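# Topology and contacts: notes
For reference, the chains in residue letters:
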Amino acid sequence: MTDLFSLPPATAEPRLHIARRTLEQLRSVPELAHRYAGSGAPRTLDDLAALPALDKDGLNTALAHLAPRADRGAGATWLFQSGGSTGAPKVGYAPTGFYMAGVHARWQPLERDDVFVNAWGAGRMWGAHFLAAALADLSGCRILAVGSVATEEYADWLAFFAAAGVTAIGGTPSVLRLWFAHARAAGLELPALRKVLWLGEAWQPQLDADLAAVAPRARRWGMFGSTETWVVGTNTPDCPADTFHTLPEQLVHVGAEDLLDFTTLNPDMLNPVLRYRTGDAGTLLACPCGRPGAAMRVLGRRDSVVQVRGLGLDVDGVVARAEREPGVSRAQLVITELRGRVATVDLLLLTAPGGPPDTERLRKDLLSATFTLSTAFQHDPESFRVRRVDELISNGRTGKTAALVVREGA
Ligand SMILES: [Zn+2]
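A few points on the structure. Throughout this document, residue positions are counted from 1 along each chain, in the order its sequence is written. Only residues with pLDDT of 70 or above have their local features reported here, since the model is predicted, and side-chain atom pairs are shown and tallied only from 80 upward, although totals for entire chains, interfaces and linings are computed over all residues. Hydrogens and waters are ignored; side-chain quantities use all the structure's heavy atoms.

### Notes on the packing of helix α11 (residues 315-323) against helix α12 (residues 359-369)
Between two packed helices, the angle of one axis relative to the other and the distance separating the axes together describe the packing. Our working definition: Lines fitted to C-alpha atoms define the axes, with helix axes restricted to the stretch in contact, and inter-axis angles between N-to-C directions lie between 0 and 180 degrees. For the purposes of this entry, the term helix denotes a DSSP run of H or I that reaches at least four residues, the term strand denotes a run of E that reaches at least two, and both are numbered from the N terminus. Take the far helix as the reference: if the near one is turned anticlockwise from it by less than a right angle, the crossing is left-handed, and if turned clockwise, right-handed. Contacts: residue pairs with any heavy atoms within 4.5 Å of one another. Side-chain classes are defined by residue name, with Ala, Val, Leu, Ile, Met, Phe, Trp, Tyr, Cys and Pro counting as nonpolar, Asp, Glu, Lys and Arg as charged, and the others, Gly among them, as polar.
For the pair α11 and α12, interaxial distance at closest approach is 11 Å and the crossing angle is 145°. With respect to the hand of their crossing, α11 and α12 are arranged in right-handed fashion. Judged by residue contacts, Val318, Arg321 and Ala322 of α11 engage Leu362, Asp365 and Leu366 from α12. Counted by class, the contact of α11 with α12 contains four nonpolar, no polar and two charged residues.

Structure, rendered in structure tokens:
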């Protein structure tokens, strides 16, 4: 089944000693030993595909036991948040440099002449800011380490960016949307901006409209990765936004139900990444940009379906439908549970200046078009609500704004 791997056997198999070493590390973890007891050391890609997949909890259990350290020559060992959307922070490890030399060898969106705003939040054990800083460092450009700013600060910073001739900006798509929405609201343009780097969430099509208004010459440059795997792949403006060229030190495999798993072939990787599943589904194909080799198309998270009164609700589908509505810049579903049962579903809409949507019409459209909603709320349709809000609910710990928030009601 080697066509389900990002690398051909002749390339990957000579480097599987890294996977064998990772397997030995995972076997040494008392809580995981039984999972790997029957597994032989992988010599071929088929052997590798037969190993158990590792999930976030398993990886965090392994890291708690292994507590890896960077080799002395690699600098310090950095600890970053690798948690899900709830609970206490879990920890991922990386050496100084964050493996970005391997990324920069194949992907150079930034050049020496660029003036780059690093708008990924810094601090709180977040990784992306430092990873992007390492990439910018390798490119030799000018770096403005801005991080996150408060609502009332955007206009001043944007005016400063325009005056400073900023040519590149990077952040999560949610954060980028805020920057561009504020620029549009203030009537500000960034005429010198040519590059928008992103990582951490899927690209949001609304950003294309933002860019057309604020920075018509700017194009997107994406990275795909996680705090467990670090950067797996990258794309260019010539690639679809959901398609990434994977790095040779990252072995990507498409498993059951199209779930992607990742195995590191990088000898310096500190996290024991062996058939690690991020929860993303995907496929391997030839990228329309024409660059040779298998590219990874990310199809979204398999966990985007939640149970609402015994029926599966496709969160991403509902959110995408709402975000196609003119005037909606972002949408979020909030499920409120009472004693374990879904009491209400609220669709929150962040609306852009000019053109607030007709929430009651959208609500009726969604109810009639979504089997789960119409069936689950057959007897209390008023429990599905659509509301405009000034802010979506973001997780203060991770800084991410998820498409779905589940909370326990009063
Ligand atoms: Zn491509």
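### As for the coordination of the zinc ion
Quick note on the threshold: Donor atoms (N, O, S) are those found within 2.8 Å of the metal centre, with the cutoff raised to 3.2 Å for Na, K and Ca; water is not part of the atom list, so apparent gaps in a site can occur. Using a 1.4 Å probe on the protein chains alone, a residue whose accessible area is under 20% of its type maximum counts as buried, one over 50% counts as exposed, and one in between counts as partly exposed.
Looking at the zinc ion, the protein donor atoms are Cys239 (SG), His245 (NE2), Cys287 (SG) and Cys289 (SG), and they sit 2.1 to 2.3 Å from it. Each donor residue of the zinc ion lies on the same chain, and together they follow the pattern C-x5-H-x41-C-x1-C. Taken together, the residues span a long stretch of sequence, with His245 in strand β9 (residues 243-246) and Cys289 in the loop between β12 (276-286) and β13 (294-301) at a distance of 44 residues. Overall, Cys289 belongs to the partly exposed group, its relative accessible area being 28%.

### Remarks on the sheet that holds β9
Hydrogen bonds along the backbone pair up the strands of a sheet, which may run parallel or antiparallel. Rule in force here: A pair of strands counts as paired when DSSP detects no fewer than two bridges linking them.
Spatially, β4-β3-β5-β6-β7-β8-β9-β13-β12-β11-β10 is the arrangement adopted by the 11 strands of the open sheet, whose pairing is mixed. Looking along the sheet, the strands with just one partner apiece sit at the ends: β4 (142-145) and β10 (250-254). Each adjacent strand pair in this sheet contributes to an overall mean axis angle of 40°, direction not counted. One ladder, built from three bridges, connects β9 with β13; its direction is antiparallel. Following the sheet pairing, His245 is matched in β13 by Ala295. Contacting β3 (115-118), β4, β6 (195-198), β7 (219-226) and β8 (230-234), helix α7 (residues 128-139) runs over the sheet at an angle of about 170° to β3.

### Some words on the sheet that holds strand β19 (residues 404-408)
Overall, mixed pairing links the four strands, which are arranged β18-β17-β16-β19 in an open sheet. Each edge of the open sheet carries a strand with a single partner, namely β18 (384-389) and β19. Pairs of neighbouring strands in the sheet enclose a mean axial angle of 25°, with direction left out of account. Of the strands in this sheet, β17 (341-351) and β18 are in contact with α12, which crosses β18 at around 145°.

### Re the pairing of β10
Judged by how many residues are buried, β10 sits mostly within the fold: five of five residues are covered. Alternating residues of β10 divide into Gln250, Val252 and Val254 and Leu251 and His253, and every residue in both groups is buried. Following β10, the chain reverses through four residues before pairing antiparallel with strand β11 (residues 259-264); Glu257 in that reversal takes a positive phi of roughly 55°.

### Comments concerning unusual backbone geometry
We note that Ala67 has phi near 40°; this positive angle belongs to a residue other than glycine. Along the chain, Ala67 turns up in the loop between α5 (56-66) and β1 (77-81). Phi is positive for Arg275, which is not a glycine, with a value near 50°. Note that Arg275 resides in the loop between β11 and β12. Judged by its relative accessible area of 6%, Arg275 falls in the buried class.

### Describing the pattern of salt bridges
Where charged atoms from two side chains of opposite charge approach closely, those side chains can pair. Heads up, the rule is: We count a salt bridge whenever a side-chain nitrogen from Lys or Arg sits within 4 Å of a carboxyl oxygen from Asp or Glu.
Here the structure, examined in full by the defined rule, presents 20 salt bridges. Close ionic contact of Asp242 with Arg297 constitutes a salt bridge, the shortest N to O distance being 3.0 Å. With Asp242 in the loop between β8 and β9 and Arg297 in strand β13, this residue pair connects regions lying 55 residues apart in the sequence. Classification of Asp242 by relative accessible area gives partly exposed; the value is 26%. On the basis of relative accessibility, which here comes to 34%, the residue Arg297 falls in the partly exposed class. Between Asp365 and Arg321 there is a salt bridge, with its nearest N and O atoms 3.5 Å apart. Remark: Arg321 occurs in helix α11 and Asp365 occurs in helix α12; sequence separation between them is 44 residues. Here the salt bridges do not stand alone but share partners, grouping Glu111, Asp114, Arg194 and Lys195 into one network.

### Focus: the packing of aromatic side chains
Put simply, the rule reads: Working definition: a ring pair exists when centres of Phe, Tyr or Trp rings (six-membered ring for Trp) sit within 6.5 Å. Plane angles under 30 degrees give stacked, over 60 give edge-to-face, the rest tilted.
For the structure shown, the criterion picks out 18 aromatic pairs. Between Trp198 and Trp203, the aromatic rings sit 5.3 Å apart at their centres with planes inclined by 50°, giving tilted as the arrangement. The buried category is assigned to Trp198, whose relative accessible area is 1%. Pairwise contacts between aromatic rings join Trp78, Phe80, Phe98, Tyr99, Phe130 and Trp230 into one cluster.

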